[in-house]
Amino acid sequence: FNKKTIPLESQYIRESDTGVNLYKIGEKCMAGTVKVDYIPQIRGEYELHIRIPEVREIQRLSASASLKSSLAGSFLIVLHDEFDESYKARASANISWNSSAEDIVDAMEEILGENSVDVTRVAWNEFSSVWDIKFLNAEGDIPLLSVDSDNLIGNSATVSVSEIVKGVSPMPIVGSPFVVNVFPDKTDPARSKAYGRGLVTGTAGEPFLFLIQAK
């Protein structure tokens, strides 16, 4: 906890089909009312912004063939036109059907740049491989990756992409930003400041000039 961030163990997930916001609730959930005490130093009008943390998109990449045929060959990950044109490339190098998580990271970084994804291989056998790709730099809901599976070998061989966790950009809570007015109180000598030449030197018979910033 600090003056800028209030960590909560629960996190916003996504809107439901009925438009209701869903939240992840667990045994250690700290959601609810949070009291913040802060002593302002300067009077004036301030905006207090309270936002729900962002949720990173996770997409699942699944390569598979029918159970009567083993899987072989490779595929490409392709960015279609909905992705920002600033990315390094539009397609990866060939990716083997049984690539490790590190291999998928290397392939994705060829497109999106370094430290752009975190990959977990969640399943692997002779008929299929499944990886979860978490996007670390892109905010919000990300278009599904496209895949070129022409070089994948096996009966009914295919690669599918699905959304496991929908990305959500940081969102203000209802009513945010809140306007806070800070009014002057009794002057505190310990917090007030004085500065100017008159504090250190002067001429007898002439005013010693300096400024006081009362707080």
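Small disclaimer: the values here were computed from a predicted structure and weren't measured. (Residues numbered from 1 in each chain as written. Predicted model: local features only at pLDDT ≥ 70, side-chain atom pairs only at ≥ 80, totals over all residues. Heavy atoms only, no water.)

For the protein, the count of helices and strands is 1 helix and 16 strands. Taken across its 215 residues, the protein has 25% of its residues classed as buried. Contacts in the protein between residues at least 24 apart in sequence constitute 61% of all its contacts with a sequence separation of at least 6. (Helix = DSSP H or I, 4+ residues; strand = E, 2+ residues; numbered from the N terminus. Buried < 20%, exposed > 50% of the residue type's maximum accessible area, 1.4 Å probe, protein only. Contact = heavy atoms within 4.5 Å.)

Attention now goes to the pattern of salt bridges. If you walk through the whole model with that rule in mind, you get 3 salt bridges. We note a salt bridge from R56 to E54, for which the minimum N-O separation is 2.8 Å. A salt bridge links R60 to D132; its shortest N-O distance comes to 2.6 Å. One end of the pair, R60, is in strand 5 (residues 58–64); the other, D132, is in strand 9 (residues 128–135), and 72 residues separate them in sequence. Look at R60 and you get partly exposed, because its relative accessible area is 28%. Look at D132 and you get buried, because its relative accessible area is 14%. (Salt bridge = Lys/Arg side-chain N within 4 Å of Asp/Glu carboxyl O.)

Okay, the packing of aromatic side chains next. The geometry of an aromatic ring pair is captured by two quantities: the separation of the ring centres and the angle between the planes. The full count for this structure, using the stated rule, is 2 aromatic pairs. Their ring planes at 50° and their centres at 5.9 Å tell us that F75 and W131 sit as a pair that is tilted. Linking F75 in strand 6 (residues 72–78) with W131 in strand 9, this pair joins segments that are 56 residues apart in sequence. When its relative accessible area of 1% is taken as the criterion, F75 is described as buried. (Phe/Tyr/Trp six-rings, centres within 6.5 Å; stacked < 30°, edge-to-face > 60°.)

The next subject is the sheet that holds strand 8 (residues 117–125). Within the open sheet, the 4 strands sit side by side as 8-9-5-12. Their pairing is antiparallel. Looking at which strands have only one partner, the edges of the open sheet turn out to be strand 8 and strand 12 (158–165). Across the sheet, the axes of successive neighbouring strands diverge by a mean angle of 20°, strand direction being ignored. In terms of strand pairing, strand 5 meets strand 9 through 7 bridges, oriented antiparallel. Looking across to strand 9, one finds that I58 is bridged to K134. With respect to the sheet, helix 1 (residues 101–112) is in contact with strand 8 and strand 9, its orientation differing from that of strand 8 by roughly 140°. (Pairing = 2+ DSSP bridges. Axes fitted to C-alpha atoms, helices over the stretch in contact; angles between N-to-C directions.)

Another point: the environment of I95. Locating I95 in the fold gives a position in strand 7 (residues 95–96). For the pair I95 and F75, spaced 20 residues apart in sequence, the C-alpha separation works out to 5.3 Å. In this structure I95 touches G73, S74, F75, I77, I104 and A107, once residues within four positions along its chain are discounted.

Function cannot be read off these values alone, since they describe shape.
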